[in-house]
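Residue-level listing of the chains:
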2 protein chains.
Amino acid sequence: MKFTCPKQELLTAIGITSKAISSKPQTPILSGIYLRAEGNQLELQSTDYEIGIIYQLAADIDEPGQLVLSGRYLQEVIRRLPGDVVSISYDNQEKITHIQGGNANYTLRSMNASEYPGVHRLEGNLRFTIKDNLLRSLFKKTVFACSNDESRPVFTGVNMDIDGTTITLAGTNTHRLAVKKQVFDEPVGAMKLIIPAKTISEVLRILTSEVPSDVEVTCSFNQISFQYENIYFTGRLIEGAFPSFTNVIPKNGTTCVTMNTAELVSAMERVYLISRTSQYNFIKLSFADGNLHMYSSNPDIGMAEENVPASMEGPAIDIAFNADYLIDALKVLESESCTFSLTKPLAPVLITEPDDPDFIYVVTPMRTMH
Amino acid sequence: MKFTCPKQELLTAIGITSKAISSKPQTPILSGIYLRAEGNQLELQSTDYEIGIIYQLAADIDEPGQLVLSGRYLQEVIRRLPGDVVSISYDNQEKITHIQGGNANYTLRSMNASEYPGVHRLEGNLRFTIKDNLLRSLFKKTVFACSNDESRPVFTGVNMDIDGTTITLAGTNTHRLAVKKQVFDEPVGAMKLIIPAKTISEVLRILTSEVPSDVEVTCSFNQISFQYENIYFTGRLIEGAFPSFTNVIPKNGTTCVTMNTAELVSAMERVYLISRTSQYNFIKLSFADGNLHMYSSNPDIGMAEENVPASMEGPAIDIAFNADYLIDALKVLESESCTFSLTKPLAPVLITEPDDPDFIYVVTPMRTMH
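Please read these numbers as outputs of a predicted model, since none were measured by experiment.

Rules used in this analysis
- Residues numbered from 1 in each chain as written.
- Chains lettered and ligands numbered in written order.
- Predicted model: local features only at pLDDT ≥ 70, side-chain atom pairs only at ≥ 80, totals over all residues.
- Pairing = 2+ DSSP bridges.
- Helix = DSSP H or I, 4+ residues; strand = E, 2+ residues; numbered from the N terminus.
- Axes fitted to C-alpha atoms, helices over the stretch in contact; angles between N-to-C directions.
- Contact = placed C-beta atoms within 7 Å.
- Parallel < 35°, antiparallel > 145°, perpendicular 65-115°, else oblique.
- Left-handed = near helix turned anticlockwise from the far one by under 90°.
- Nonpolar A, V, L, I, M, F, W, Y, C, P; charged D, E, K, R; others polar.
- Buried ≥ 20, exposed ≤ 12 C-beta atoms within 10 Å, placed from the backbone.
- Arc of directions from axis to C-beta.
- Core = buried A, V, L, I, M, F, W, Y, C linked by C-beta atoms within 7 Å.
- Expected span 1.5 Å × (residues − 1).
- Domains from an automatic or database assignment.
- Least-squares fit on C-alpha atoms with pLDDT ≥ 70 in both.
- pLDDT = per-residue confidence, 0-100.

Considering the sheet that holds strand 23 (residues 317-321) of chain A
Stage number 1. Spatially, 23(A)-19(A)-20(A)-21(A)-9(B)-8(B)-7(B)-1(B)-5(B) is the arrangement adopted by the 9 strands of the open sheet, whose pairing is antiparallel. This sheet does not close on itself; its edge strands, each paired only once, are strand 23 of chain A together with strand 5 (60-63) of chain B. Recorded for the sheet is a direction-independent mean angle of 15° between the axes of neighbouring strands.
Stage number 2. When strand 1 (residues 2-6) of chain B meets strand 5 of chain B, the two strands line up antiparallel, connected through 3 bridges. What sits directly across from Thr4(B), in strand 5 of chain B, is Asp60(B).
Stage number 3. Of the strands in this sheet, strand 7 (85-91), strand 8 (96-101) and strand 9 (104-109) of chain B are in contact with helix 2 (residues 71-80) of chain B, which crosses strand 9 of chain B at around 175°.

A look at the packing of helix 3 (residues 132-143) of chain B against helix 4 (residues 197-206) of chain B
Helix-helix packing: each pair is described by the crossing angle between the helix axes and the interaxial distance.
All names here are of chain B.
Stage number 1. Helix 4 packs onto helix 3 with a crossing angle of 135° between their chain directions and a minimal axis gap of 10 Å. As summarised for this structure, helix 3 and helix 4 are arranged oblique, according to the angle between their axes. Here the hand of the crossing between helix 3 and helix 4 comes out left-handed. On helix 4, the residues touching Arg136, Phe139, Lys140 and Val143 of helix 3 are Ala197, Ile200, Ser201, Val203 and Leu204.
Stage number 2. For the contact of helix 3 with helix 4, the class distribution of residues is 6 nonpolar, 1 polar and 2 charged.

Brief notes about helix 1 (residues 7-17) of chain A
Residues and elements named next belong to chain A.
Stage number 1. Among all positions in helix 1, only Leu10, Ala13, Ile14 and Thr17 are buried. Down the axis of helix 1, the sector holding all buried residues measures 95°, keeping them to one side.
Stage number 2. Looking at the packing, one finds that the buried side of helix 1 touches strand 1 (2-6), strand 2 (32-38), strand 3 (41-47), strand 4 (51-58), helix 2 (71-80) and strand 7 (85-91).

What to know about the nonpolar core
Stage number 1. Membership of the largest hydrophobic core comes to 212 residues, with the highest contact counts inside it found for Ile283(A), Phe321(A), Ile283(B) and Phe321(B).
Stage number 2. Excluding residues within four positions of it along the chain, Ile283(B) makes contact with Met268(B), Val271(B), Tyr272(B), Met294(B), Ser296(B), Ala320(B), Phe321(B) and Ala323(B).

A look at helix 5 (residues 261-272) of chain A
Stage number 1. Between its first and last C-alpha atoms helix 5 of chain A spans 16 Å; for 12 residues at 1.5 Å apiece the expected length is 16 Å, and the two agree.
Stage number 2. All of the buried residues in helix 5 of chain A are Leu264(A), Ala267(A), Met268(A), Arg270(A), Val271(A) and Tyr272(A).

Examining the sheet that holds strand 21 (residues 302-309) of chain B
Stage number 1. With antiparallel pairing, 9 strands are arranged side by side in an open sheet as 5(A)-1(A)-7(A)-8(A)-9(A)-21(B)-20(B)-19(B)-23(B). Strand pairing shows two members of the sheet lacking a second neighbour, strand 5 (60-63) of chain A together with strand 23 (317-321) of chain B, which therefore form its edges. For this sheet, the mean angle separating the axes of adjacent strands, direction not counted, is 15°.
Stage number 2. Pairing of strand 8 (residues 96-101) of chain A with strand 9 (residues 104-109) of chain A involves 6 bridges; the strand directions are antiparallel. Within strand 9 of chain A, the position partnered with Ile99(A) by the bridge is Tyr106(A).
Stage number 3. In the packing of helix 1 of chain A onto the sheet, contacts are made with strand 1, strand 7 and strand 8 of chain A, and the angle to strand 1 of chain A comes to roughly 100°.

Focus: the domain arrangement of chain A
Residues and elements named next belong to chain A.
Stage number 1. Taken domain by domain, chain A comprises domain 1 (2-115), domain 2 (126-236) and domain 3 (249-363).
Stage number 2. Spacing between the C-alpha centres of domain 1 and domain 2 amounts to 30 Å.
Stage number 3. Listed as interface residues are 10 residues of domain 1 and, on the opposing side, 11 residues of domain 2.
Stage number 4. Per-element tally for the side of domain 1 that touches domain 2: the top contributor is strand 4, with 7 residues.
Stage number 5. The class makeup of the residues in the side of domain 1 that touches domain 2 is 6 nonpolar, 2 polar and 2 charged.

Quick word on the relation of the copies chain A and chain B
Stage number 1. Expressed as a screw operation, the relation of chain A to chain B combines 0.0 Å of axial shift with a rotation of 180°, fitting to an RMSD of 0.0 Å. Expressed as an axis order, the relation between the two copies is that of a two-fold axis. In terms of proximity to the rotation axis, the leading residue of chain A is Ser23(A), whose C-alpha is 15 Å off the axis.
Stage number 2. Most of the interface of chain A is mirrored in chain B: 100% of its interface residues are interface residues there too.

Section: the interface of chain A and chain B
Stage number 1. On the side of chain B, 24 residues touch chain A, which itself brings 24 residues to the contact.
Stage number 2. When grouped by side-chain class, the residues that make up the side of chain A that touches chain B number 11 nonpolar, 6 polar and 7 charged.
Stage number 3. In the sheet, strand 9 of chain A pairs with strand 21 of chain B via 4 bridges, with the strands oriented antiparallel. By the bridge assignment for strand 21 of chain B, Tyr106(A) is matched with Ala304(B).

Quick notes on the confidence of the model for chain A
Stage number 1. Confidence in the prediction for chain A averages 94 pLDDT; 99% of positions are at 70 or higher.
Stage number 2. For this predicted complex, the interface confidence comes out at an ipTM of 0.81, alongside a pTM of 0.88.

Topic: the environment of Pro25(B)
All names here are of chain B.
Stage number 1. Assignment of secondary structure puts Pro25 in the loop between helix 1 (7-17) and strand 2 (32-38).
Stage number 2. Its 15 C-beta neighbours within 10 Å are what place Pro25 among the partly exposed residues.
Stage number 3. C-alpha separation for the pair Pro25 and Thr47, spaced 22 residues apart in sequence, amounts to 9.4 Å.
Stage number 4. Apart from the residues within four sequence positions on either side, Pro25 is in contact with Leu30, Ser31 and Asp48.

Side note on unusual backbone geometry
Residue and element names in this part refer to chain A.
Stage number 1. One non-glycine residue, Tyr49, lies in positive phi territory at about 75°.
Stage number 2. Along the polypeptide, Tyr49 turns up in the loop between strand 3 and strand 4.
Stage number 3. The backbone phi angle of Thr174 is positive, close to 80°, even though this residue is not glycine.
Stage number 4. Mapped onto the elements, Thr174 comes out in the loop between strand 12 (166-172) and strand 13 (176-183).
Stage number 5. Given 12 C-beta atoms within a 10 Å radius, Thr174 is considered exposed.

Quick look at the structure:
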């Protein structure tokens, strides 16, 4: 095996492929990146058995072949290599890989490429295409609401409900719920699946194009894959049934408050500062007379308060929240303003934004001593 | 107590004062920053009993007084406060501190200011003034060579030998030695002291002026202090006698090699990459025919080699080093080129640079299997 390619492109490929390498690989070979040179194309593969990545790039292939190199050392060596072009060749006699760039020569031991499990492309039962910016929005606006508690696996992922022309994503940790949907022109099919939050976070790191590009999504009963430009990403799904959440969503609030999103987030972060790390990790909100008064306290440290203007309809109301549950949601909003629909101090609140009617967020307040 | 001052200036003051707050304070009050308002000046103090800092800044004092606030919360609150101006007042009745900026109001609990140990200005036996850029160079070029091994305290600090018009600083971990001196126009006195490397690192973080400023240094038998602009920094010294090192410095090398410093460092870092974290943490250097060939290997990973041009006088020589010991020193050099003076594969090497004849570095090679 022997090939030459631009250093920066190889480094990008290694950077993305490395995402599927576990810090504690199940077997030594999974600490490696599999490289295959064929035709005029170099293919990199990596997997931790949960997710798998295939990255393809153009290269001058002098001699086709395959090898598996330590992901960590390959990345460090290529990153520091002088020159703009890198040559990699595998010596079958010596069983070592030569890497050359500028004045520098490295050799790296290759693992046995024939033992590499490989990443297989998913056939799937359902397939649809979506622009990456739309998929990014679906994922970003739901994944933050998931739980970290591995004892209830279904809540550690985002539920994706494909039903005709509508795809609905939902994430919850049982105290809060984020729901975002996307309507397509043509029917997509029907399928329900739960995608692990970690998988979605990795996909979000890859979907970074400046101009909207197509992502081809393929789903099977236990796996989902994304083909995006020259990157193929596949991941296992979470087994189980996601509970119905439609009756959790409050219907008609009696108090409706609209505020400036950025102003609200920064004031809330300041007020929450004092209680964030303590057992008193809530913030009290008093909506009255066109004003939101925020208050938080911590007997060991002190207290903080701040006011922001609020355009109100309906009666005044006092309510308390784990402020992280509000801040996390406010940070994914895309509109200049946001609206809180409230009914009672202990009833869930509905948060919406004018520029995206397809997104809703529900959060349960906290019971506090007054 | 009541005062108003520009937020950014107070934040800078808190940032510097925080450096003397231990992450594990010996007593709760040492987690605080002491503030004293008097005349038209605000003074901040902090100490962990090893080092102490006093920072003075101008403020509008409405009512003089003193208080001690949690360093961590004071910093976080001031950092996020809206507006350009901050007002702080202490309410003697309620025993709480009010902090106000823009629309935001905080209250922080004050610790008992009368219990604060305070930072006392050192009288000292010897005093001299030096430009901060010169002091920075003295410290930077020696402190990196110190040991981390607390079992031999004298090597965890830099020896400062004041003798007439010359101040000589030396740091060593017994495998390497960095010596830098500074000659003054007037005699300074005579004194020997060992400054902890940690103290020097903190002083280096403070000495950051763009234009050379005066630093007044005061020394006593167990303490040293630095007055720099509006910052007073004081630290304890290490007790003990620093060994004589003059006969460790090689006299005349038989092979003298000059190389480009930047080129040498980057090639050495690349070659060392392969063996850095392993038990084979050395790099082999072969000086011959106007060329330095560097080589390092690690049986588990692979091997690396690179060549850099070397202007040589004297016979060819092969020698091996812990590459960190070379790289650390090469990185503090200020000259475009550097010179290695070598004699035998197992004899110490002398490294010098043309633009600073007052700096020398000696490093012992490693014994390796060939």
